[in-house]
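Descriptive structure summary
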Amino acid sequence: MDTRLDPLDCLDTDMMIKILTYVEEHSDLLSISAVSRSWRHFVVENGFFKQLCLRMRISYWSSTGQRNCEVPETLIYKLASNICVISEISIKPFEAFFQEGLPIYSARGMRFRLGHPKSPIDLKNFPVKEPCDDKFIWTYTSEVFQMAQKNSLQMFKLPKPVLCIGGYLQIELLGRIQTQELDGFVSHIQVLGLPLAPAFDVEILDQSGNFVLKQYLQSDNTPVNLPEYKPPSVTTFGWSDEDESDDEF
């Protein structure tokens, strides 16, 4: 009689996790997750794909999976300057090299908003996984841009440069191409524009949007020069959903 035992039934969870942390190839991890539904659930539930990506220095953001492809998602970023002029935003969706068929998790479309918080925000204690639209005032909302399902940096140029007072950017992802336990992956984001600091800064006074524009002078009372605009030659940054770094121009 052929008796087959499933290691998931024979070994405790800590031992199985210890064993799978030694897997170093994404193809091997993909094969393990294809053994059965229980193995796939174990691999995904314990974040082995994400851990492998981090060990390989592949960074990305991912959301919680949704059955409804029309549920929008939002990402909010603190820009490098409280007052700046934004001209274009580029986004690269993530290609899941560790999944069969190498699916690309792009949104169907996206919309951008610029603005400021209603009150001062402590970024270290900010609830990053909770709805927070009620904590911001968006002074600019873009049109909806269509996104291609390509593993490349896609540029979305605003109709005209926009002055961002407050230094916050929201990216709204509209419609999902793929659905699974984790979806809504983004690999890189690049924001192009001109920061007006250190020559200028703003202080938001109240929720109505009133603010004070501050101009800083040099020691000889001459204006501080604006930084020279230099378009980046490479993608400026990428991240995982555990990163806490601010965006850069």
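Residues numbered from 1 in each chain as written. Predicted model: local features only at pLDDT ≥ 70, side-chain atom pairs only at ≥ 80, totals over all residues. Heavy atoms only, no water.

1. Topic: the nonpolar core
Put simply, the rule is: Among buried residues, those of type Ala, Val, Leu, Ile, Met, Phe, Trp, Tyr and Cys that are joined through side-chain atoms within 4.5 Å constitute a nonpolar core. Per-residue accessibility, obtained with a 1.4 Å probe over protein chains only, is compared with the maximum for each type, and a residue is labelled buried under 20%, exposed over 50%, and partly exposed between these values. In this text, helices come from DSSP runs of H or I with a minimum length of four residues, and strands from runs of E with a minimum of two, each type numbered from the N-terminal end. Whether two residues are in contact is decided by their heavy atoms: any pair within 4.5 Å suffices.
With 24 residues, the main nonpolar core has Ile86, Ile91, Phe112, Ile171 and Ile189 as its most contacted residues. For this core, the secondary-structure elements that each account for two or more residues are β2 (73–78), β3 (83–95), β5 (107–117), β8 (154–165), β9 (168–176) and β10 (182–195). Not counting chain neighbours up to four residues away, the residues in contact with Ile91 comprise Met110, Phe112, Met147, Ser152, Leu153, Gln154, Phe156, Ile171, Val186, His188 and Ile189.

2. Here's the deal with the packing of helix α3 (residues 26–33) against helix α4 (residues 37–45)
Just so we agree on the cut-off: Note on geometry: axes are lines fitted to C-alpha atoms, helical ones only across the stretch in contact, with angles between N-to-C directions running from 0 to 180 degrees. The labels follow the angle: roughly parallel below 35 degrees, roughly antiparallel above 145, roughly perpendicular from 65 to 115, and oblique for the rest. Under this grouping Gly is polar, as are all residues other than the nonpolar Ala, Val, Leu, Ile, Met, Phe, Trp, Tyr, Cys and Pro and the charged Asp, Glu, Lys and Arg.
At a minimum axis separation of 7 Å, α3 and α4 run at an interaxial angle of 135 degrees. Judged by the angle between their axes, α3 and α4 are oblique. Counted together, Leu29, Ile32 and Ser33 of α3 and Trp39, Arg40 and Val43 of α4 form the full contact between these two elements. Class assignment of the residues belonging to the contact of α3 with α4 gives a composition of four nonpolar, one polar and one charged.

3. Overview of the pattern of salt bridges
Using the following cut-off: The rule for a salt bridge is simple: a side-chain nitrogen of Lys or Arg has to be within 4 Å of a carboxyl oxygen of Asp or Glu.
Scanning the entire structure with this criterion turns up five salt bridges. One salt bridge connects Glu172 with Arg111, and the closest N-O pair in it is separated by 2.7 Å. Of this pair, Glu172 sits in strand β9 while Arg111 sits in strand β5; the two residues are 61 residues apart in sequence, bridging distant segments of the chain. For the pair Glu172 and Arg111, a shared accessibility class is recorded, and that class is buried. With a closest N to O distance of 3.2 Å, Glu203 and Lys214 form a salt bridge. Of this pair, Glu203 sits in strand β11 (residues 200–204) while Lys214 sits in strand β12 (residues 211–215), placing them eleven residues apart in sequence. Its relative accessible area of 38% is what places Glu203 among the partly exposed residues. What emerges from the salt-bridge pattern is a single network uniting Arg111, Arg113 and Glu172.

4. Focus on α3
Selection criterion: Working note: the arc is built from the helix axis to C-beta atom directions.
Every buried residue of α3 is listed here: Leu29, Ile32 and Ser33. Relative to the axis of α3, the buried residues are bounded by an arc of 95 degrees and lie together on one face.

5. Focus: the confidence of the model for the protein chain
Which entries qualify depends on this criterion: Per residue, pLDDT measures the predictor's confidence, with a range of 0 to 100.
This prediction gives the protein chain a mean pLDDT of 77; 74% of its residues lie at or above 70. Between residues 232–249, whose pLDDT stays under 50, and residues either more than four places distant or in other chains, the model counts 54 contacts.

6. Let's talk about the packing of aromatic side chains
The line we're drawing: Note on aromatic pairs: the rings of Phe, Tyr and Trp (six-membered ring only in Trp) are paired at centre separations within 6.5 Å, and the planes decide the class, stacked below 30 degrees, edge-to-face beyond 60, tilted for the rest.
Summed over the entire model, instances satisfying the criterion amount to six aromatic pairs. Judged by centre distance (5.7 Å) and plane angle (65 degrees), the ring pair of Phe145 and Phe156 falls under edge-to-face. Of the two residues, Phe145 is situated in strand β7 (residues 145–146) and Phe156 in strand β8; the sequence distance between them amounts to eleven residues. Each member of the pair, Phe145 as well as Phe156, carries the same accessibility label: buried. Among the aromatic residues, those joined into a cluster by ring pairs are Phe112, Phe145 and Phe156.

7. Side note on the pairing of β9
Rules: The criterion for strand pairing is that DSSP finds at least two bridges linking the strands in question.
In terms of burial, β9 is a largely internal element, eight of the nine residues being buried. Where β2 meets β9, six bridges bridge the pair, whose relative direction is antiparallel. Considered in β9, the bridge of Thr74 is made with Glu172. Here β5 pairs with β9 via eight bridges, running antiparallel. Within β9, the residue paired with Arg113 across the bridge is Gln170.

8. Here we look at the side chain of Ser33
Position of Ser33 among the secondary structure elements: in helix α3. Relative accessible area serves as the criterion here: at 5%, Ser33 is assigned to the buried category. When residues no more than four places from it in sequence are discounted, the contact partners of Ser33 are Trp39, Arg40, Val43 and Phe49.

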